[in-house]
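# Structure at a glance
Each chain, letter by letter, is given below.
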Amino acid sequence: MNMFDMGIIPTMARTLRTLALGFRDLLLPRGCAGCDAPDEVLCPRCVARFDGAHIRSLPVKGKTCCYACARYEGASRRAILAWKDHGDEECDGAFACCLARLALKVIKVIDTNQTAIDDVQAMPQIAGMPDIRGMRDVLLVPAPSSPASMRRRGRWQMAPLAKRTARMLNDSGVRTRVCPILRLEGVRGRSVQTSGSLARSKRIQGHVRAVGAIDDESALVVIMDDIVTTGTTMGQCVTALRAAGARHVVGLALACTPVRR
Ligand SMILES: [Zn+2]
């Protein structure tokens, strides 16, 4: 067992990060992660950018799709990069809120029309809370990060986001659990890069695996990721989760990259 497995290095890295972020907050006033508007973690205009429902079908056998809160461009891209790569962990709460809102819409779609998991036209424009009485349980599965990116960032950024989103869904009356059973292994390079979709697809092929089983066949299993580009990673997650016993799987992301034609 090495020092990373024992949790010593992650704990040290985390302490150093917390200290560094503390000093930064003392020296620099807080600005919106998306547009630098003063004194906001994420200003109302930037929050509104995450209020969408962008739908991508996933490249996987047996149709399913991913719903994203925003397009990965402009201020929403800046906010995600600040959170993901520059340690702006204060965005956890704001992003979880956006994901929980979209999750409620998605749950509504799927439970009112069982065939709608891949139906692009089915997303309703819901004002306020949908009626969630009698809906099935939800399992939130954070998309895996590679050990290298966890070392670099000092954390598995989707795990705290999934926890907070689960808390919000539970507060809204949807029975939700976090089920962090996916792992990403043996992947080199950064997750979002300029290489083509084919190269990316090859790079990640076969590296996502489930280290546990889905114990509730009727549950809606929601894979949560930050950015969906080609959908390859999420497709791999769907395959791994189905092999682990999931029957109803759908993706949920903060943002998707604009589709290139
Ligand atoms: Zn803003």
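My aim in this report is to walk through the structure given alongside it, one point at a time. (Residues numbered from 1 in each chain as written. Predicted model: local features only at pLDDT ≥ 70, side-chain atom pairs only at ≥ 80, totals over all residues. Heavy atoms only, no water.)

### Section: the overall build of the protein
The number of helices and strands found in the protein is eight helices and eight strands. The burial tally for the protein puts 46% of its 261 residues in the buried class. If you sum the accessible surface of the protein, you get close to 13,400 Å²; carbon and sulfur atoms cover 54% of it. (Helix = DSSP H or I, 4+ residues; strand = E, 2+ residues; numbered from the N terminus. Buried < 20%, exposed > 50% of the residue type's maximum accessible area, 1.4 Å probe, protein only. Areas by Shrake-Rupley, 256 points an atom, 1.4 Å probe, with all protein chains shown as cover.)

### Some thoughts on the sheet that holds strand β3 (residues 138-142)
Overall, mixed pairing links the six strands, which are arranged β1-β2-β8-β7-β3-β4 in an open sheet. A strand with exactly one partner marks an edge of an open sheet, and here the two such strands are β1 (54-57) and β4 (176-178). Within the sheet, the average angular offset between the axes of one strand and its neighbour, ignoring direction, is 25°. Sheet topology note: the β3/β4 ladder contains three bridges and is parallel. (Pairing = 2+ DSSP bridges. Axes fitted to C-alpha atoms, helices over the stretch in contact; angles between N-to-C directions.)

### Quick word on unusual backbone geometry
One non-glycine residue with positive phi stands out, namely aspartate 36, at about 70°. Residue aspartate 39 is not a glycine yet carries a positive backbone phi of 60°. Relative to the elements of secondary structure, aspartate 39 occurs in the loop between α1 (8-27) and α2 (44-49).

### A closer look at the coordination of the zinc ion
Donor atoms from the polypeptide that coordinate the zinc ion comprise Cys32 (SG), Cys35 (SG), Cys43 (SG) and Cys46 (SG), at 2.3 Å from the metal. One way to put it: the four donor atoms around the zinc ion meet at angles of 104 to 116°, and that makes the site tetrahedral. One chain supplies every donor to the zinc ion, and in sequence these donors are spaced C-x2-C-x7-C-x2-C. For cysteine 43, a relative accessible area of 7% corresponds to the buried category. (Donors = N, O, S within 2.8 Å, 3.2 Å for Na, K, Ca; no water. Tetrahedral: all angles 85-135°; square planar, octahedral: opposite > 155°, others 65-115°.)

### Describing the pattern of salt bridges
Considering all chains together, one arrives at eleven salt bridges under this definition. Between aspartate 88 and arginine 30 there is a salt bridge, with the nearest N and O atoms lying 2.7 Å from each other. You can see aspartate 88 sitting in the loop between α3 (74-85) and α4 (91-112) and its partner arginine 30 sitting in the loop between α1 and α2, a full 58 residues away along the chain. Judged by relative accessible area, arginine 30 falls into the partly exposed class, the value being 23%. (Salt bridge = Lys/Arg side-chain N within 4 Å of Asp/Glu carboxyl O.)

### Observations regarding the pairing of strand β7 (residues 220-228)
For β7, the tally of buried residues reaches nine of nine residues, placing the bulk of the element in the interior. Here five bridges tie β3 to β7, and the two strands are oriented parallel to one another. When the bridges of β7 are listed, valine 138 appears paired with leucine 220. Bridge count between β7 and strand β8 (residues 248-256): eight bridges; the pairing is parallel. Its bridge partner being in β8, valine 228 is matched across the sheet by cysteine 256.

### Quick look at the nonpolar core
By size, the foremost hydrophobic cluster in this structure holds 46 residues, and its most contacted members are Phe50, Tyr67, Ile80, Phe95 and Leu252. Where this core is concerned, the elements lending two or more residues are β2 (65-71), α3, α4, β3, α6 (158-171), β7 and β8. Ranked by the residues each element gives to this core, the list is headed by α4, at twelve residues. Within the second largest apolar cluster, 27 residues are counted, among which are Ala68, Val228, Cys237 and Val238. (Core = buried A, V, L, I, M, F, W, Y, C linked by side-chain atoms within 4.5 Å.)

### Thoughts on the state of the cysteines
Under the criterion given, the structure shown has zero disulfides. A disulfide-free cysteine, cysteine 66 has its sulfur positioned 7.2 Å from the sulfur of cysteine 256, the nearest such atom. Looking at cysteine 66, the relative accessible area reads 1%, which means it is buried. (Disulfide = S-S within 2.5 Å.)

That's the geometry; what it means functionally is another story.
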